[in-house]
Amino acid sequence: MLSVMVYVVGLSPGQYFYFQEVFPVLAAKHCIMQANAEYHQSILAKQQKKFGEEIARLQHAADLVKTVASRYDEYVSVKDLSDKISRALTAAKKDNDFIYHDRIPDLKDLEPIGKASLVKATPVVVPLSQKFVDLFEKMVPLAVQQALTLYNQRKADLVNRSIAQMREATNLANGVLASLNLPAAIEDISGDSVPQSILQKSKSVIEQGGVQTIDQLMKDLPELLQRNREILDESLRILDEEETTDNELKNKFKERWQRTPSNDLYKPLRAEGANYRNILDKAVQADKQVKERYQSHRETISLLCKPEQELNAAIPSANPAKTMQGSEVVNVLRSLLTRLDEVKREREELENDLKSVNFDMTSKFLTALAQDGAVNEEAVSVTELDRLYGSLTHKVQESLKKQEELLNSIQNSHQEFSKMKQSNNESNLREEVLKNLAVANDNFVELVANLKEGTKFYNELTEILLKFQNKCSDIVFARKTERDELLKDLQQSIAREPSAPSFPSVPAYQTGPAGGNKPPASSAPTPAPRTMVSSKPQPPARPPPPVISTANTVSAPAAAASGTTAPPASAASTAPSQAQGPPYPTYPGYPGYCQMPLPMGYNPYMYGQYNMPYTPSPVYQNPGQAPYPAPQQPGYPYPQQPGYPYPQQ
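Cut-offs applied
Residues numbered from 1 in each chain as written. Predicted model: local features only at pLDDT ≥ 70, side-chain atom pairs only at ≥ 80, totals over all residues. Heavy atoms only, no water. Helix = DSSP H or I, 4+ residues; strand = E, 2+ residues; numbered from the N terminus. Patch = residues over 30% accessible without salt bridge, like charges linked within 9 Å, V, L, I, M, F, W, Y side chains within 5 Å. Areas by Shrake-Rupley, 256 points an atom, 1.4 Å probe, with all protein chains shown as cover. Salt bridge = Lys/Arg side-chain N within 4 Å of Asp/Glu carboxyl O. Lys, Arg positive; Asp, Glu negative; His and termini not counted. Charge placed at Lys NZ, Arg CZ, Asp CG, Glu CD. Buried < 20%, exposed > 50% of the residue type's maximum accessible area, 1.4 Å probe, protein only. Phe/Tyr/Trp six-rings, centres within 6.5 Å; stacked < 30°, edge-to-face > 60°. Lys NZ or Arg CZ within 6 Å of the ring centre and 35° of its normal. Contact = heavy atoms within 4.5 Å. Axes fitted to C-alpha atoms, helices over the stretch in contact; angles between N-to-C directions. Parallel < 35°, antiparallel > 145°, perpendicular 65-115°, else oblique. Left-handed = near helix turned anticlockwise from the far one by under 90°. Nonpolar A, V, L, I, M, F, W, Y, C, P; charged D, E, K, R; others polar. 1 Å grid on protein atoms, 1.4 Å probe; cavity = no way out; pocket = protein on both sides within 12 Å on 5 of 7 lines; lining within 4 Å. Points joined across faces, edges and corners; volume = space filled by probe spheres on them.

Colleague: What exactly am I supposed to notice about unusual backbone geometry here?
Modeller: For residues besides glycine, phi is generally negative; the peptide bonds are generally trans as well. Of note in this structure, K49 is not a glycine but carries a positive phi near 65°. Along the chain, the position of K49 falls in the loop between α3 (22–47) and α4 (51–71). Notably, H101 is not glycine yet its phi reads approximately 55°, a positive angle. Mapped onto the secondary structure, H101 falls in the loop between α5 (79–100) and α6 (142–179).

Spelled out as structure tokens, the structure:
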């Protein structure tokens, strides 16, 4: 078993020694797992009414547990598992002996335990998350991207043009009806009550907040405008400050200030800022027009906000003819107004349909690019827009034409209606007030829409201006960092420059020797002398030892042997040619001494003697050898002891 484990684990025999306690644990774990598997398989056999197989598997499990308990008891405890298997085996044998009498198969006849599927593979659903967004899905060639941009512009122009035509036609219809005092004129037959259409308009104005709503919106606009102006002014101010600083440094350092001027770098940002300022100026003019319009209709809008009793009291009364209540002209006008209201509702639906149409042209442009190698955007876009919006634009034109016919019919019928009405001052005054109320309702709706649109415009412009301010702040910060680095480099370069470009010429008497010829002065600058400070004083140079001639070197040992003193030689004949050895004594046979050669040098005792005889180089002496006789200096009367020649001092 262990050899198999060594092979399975992949260890060499040399490594087995270090894992000799691991393998018993592995073997015990293997037996325990096998025993557990046999135990659970016996439970399955019992459920399948295979009682003999149950007993056989329990016996095998009991044998495995006994093996673990006998061999590996010091590593693993299997008492609980052994007790559980023993109880199950005893109960199974008892039931089989008394009831079932099933044959117990041999271990080799049992089927091997199959593999259990612990997990089940599930198909991969793409995308894995509902929030997944493919970043490369919208990546298309540049030609296709440009074609998509032009297509979106054509689509926006078509939709906006159609919606603008319908809104303009609706405003025209409302204006015509208000000028004719319809439908209030045909509803005001009694002459002493508020027409139903006026009551509905008054209720609508009150539900939307009336004059208070407009006042609040008018109050918010200047604050939003001022906030946008402050953001824009601050953005341009930091640009101006940085440009001023850059110009000052440019004037100071001249040609050394080598970087892009701020004036050239900020041109795109200043153009963008000028565009935003132009937009704000136009918005101010539009706000002024809205405010003037509101002031001119404020009284009638306030009248619509009053209750029914006060509104009825504010409208003059009249006494029209009773015969007009059931006349044919009134019925015709009512039917025409009903049809006109239906046309208005159809336009609202058409506007929603125009806005809801959406189609991705990417596939179309990609196909055209693959077939022709280029994208003919105009041909593809016009064809596709006609297919998508052709029916809707046709309905828009039909609606405009139908409204024109209805307005002509309404004007003709109203002329007949006006002839039938009794002409008096009271009825004319009442009709004028009702017209003003109808116009006030239309103005209220339009003013609220304009003010809400202006508020939305200012809020969106605030986000755009904040991005513009961040852009300006980033580039100014980058310019300041660049300026600081450039200033640091300039300061270092200035510090490295010499303070004086050239030194004055040295006087001639300082360059030549005293009383001699004076060499020409050099044009190169002479550096100033440096003072060297040493850490400690140096001792004076030691003079070289005296040098002895060859003749005296040979005669000195002989004199020492005979016990006589050599006569002193004259100064001319005793010129030394070699330096004297060290000042300590030389003992014959002393092993630690080695005669070292000394260089030839200056002899203070032989000043004026220039012709010195040739002296052979001294011979090196190895340690342990008998020393050569040391040379003696002539001219000194002190005798030398035999065998102990001292150098003369």
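Let's pick the thread back up.
Colleague: Would you mind going over a negative patch on the surface with me for this structure?
Modeller: A grouping of D341, E342, E346, E348, E349 and D353 is seen on the molecular surface, where their side chains present a negatively charged patch. Turning to its location among the elements, E348 is positioned in helix α13 (residues 328–356). Judged by relative accessible area, which is 54%, E348 ranks as exposed.

Colleague: For this particular structure, what's the right way to read the packing of aromatic side chains?
Modeller: Remark: the centre distance and the inter-plane angle together describe each pair of aromatic rings, the angle taken between the planes. This model, assessed by the stated rule, comprises five aromatic pairs. Look at F51 and Y100: their rings are 3.7 Å apart centre to centre, the planes differ by 10°, and that puts the pair in the stacked class. Residue F51 is found in helix α4, and its partner Y100 is found in helix α5; the two are separated by 49 residues along the sequence. Relative accessible area serves as the criterion here: at 13%, F51 is assigned to the buried category. Considering the side-chain rings of Y276 and F468, the 5.5 Å spacing of their centres and the 75° angle between planes classify their relative orientation as edge-to-face. With Y276 in helix α11 (residues 267–304) and F468 in helix α16 (residues 425–496), this residue pair connects regions lying 192 residues apart in the sequence. When sorted by exposure, Y276 lands in the same class as F468, which is buried. The ring of F359 is capped by R387, whose NZ or CZ atom sits 5.4 Å from the centre of that ring.

Colleague: Please clarify how the side chain of E243 should be interpreted in this entry.
Modeller: Topologically, E243 is positioned in helix α9 (residues 210–253). Once residues lying within four places of it in the same chain are set aside, the contact partners of E243 are S262, N263, Y266 and R270.

Colleague: Help me understand the pattern of salt bridges, please; the structure alone is not making it clear to me.
Modeller: Proximity of charged atoms lets side chains of opposite charge pair with each other. Taken as a whole, this structure holds 24 salt bridges when the rule is applied. Across the salt bridge formed by K471 and E272, the nearest N and O atoms sit 3.5 Å from each other. Of this pair, K471 sits in helix α16 while E272 sits in helix α11; the two residues are 199 residues apart in sequence, bridging distant segments of the chain. Given the relative accessible area of 40%, K471 is considered partly exposed. Residue E384 is joined to R387 by a salt bridge in which the shortest nitrogen-to-oxygen separation is 2.0 Å. Here R387 and E384 lie together in helix α15 (residues 377–420), a separation of three residues that amounts to about one turn.

Colleague: Would you take a moment to explain the packing of α4 against α5 for this structure?
Modeller: The relative placement of two packed helices comes down to the angle between their axes together with the axis-to-axis distance. Running from amino to carboxyl end, α4 crosses α5 at an angle of 150°, the nearest separation of the two axes being 9 Å. Overall, the two elements α4 and α5 adopt an arrangement that is roughly antiparallel. Crossing of α4 against α5: the hand is left-handed. Every residue of α5 that contacts α4 at F51, E54, I55, L58, Q59, A61, A62 and V65 is listed here: L81, S82, I85, A88, L89, A92, K93, N96 and Y100. In terms of residue class, the contact of α4 with α5 is made up of 12 nonpolar, three polar and two charged.

Colleague: I'm lost on the packing of α6 against α13 in this one. Help?
Modeller: Running from N to C, α6 and α13 cross one another at 160°; their axes reach a closest spacing of 10 Å. Put simply, α6 runs roughly antiparallel to α13. Classified by chirality, the crossing of α13 by α6 is left-handed. Where α6 approaches α13, its residues V159, S162, I163, M166, R167, A169, T170, A173, N174 and L177 are matched on the opposing element by L337, L340, K344, R347, L350, E351, L354 and K355. Classifying every residue of the contact of α6 with α13 by side-chain character gives 10 nonpolar, three polar and five charged.

Colleague: Sorry, what's going on with the layout of surface pockets here?
Modeller: In this approach a probe as big as a water molecule rolls over the atoms, and the regions it shows empty are the leftover space. Taken as a whole, the largest pocket spans an internal volume of roughly 1,500 Å³. Lining the largest pocket are 36 residues, with T170, N171, N174, K344 and D442 sitting closest to its centre. The set of elements that each furnish at least two residues to the lining of the largest pocket consists of α6, α7 (184–187), α8 (196–207), α13 and α16. It is α16 that provides the largest number of residues to the lining of the largest pocket, a total of 10 residues. Tallied by class, the residues present in the lining of the largest pocket amount to 11 nonpolar, 12 polar and 13 charged.

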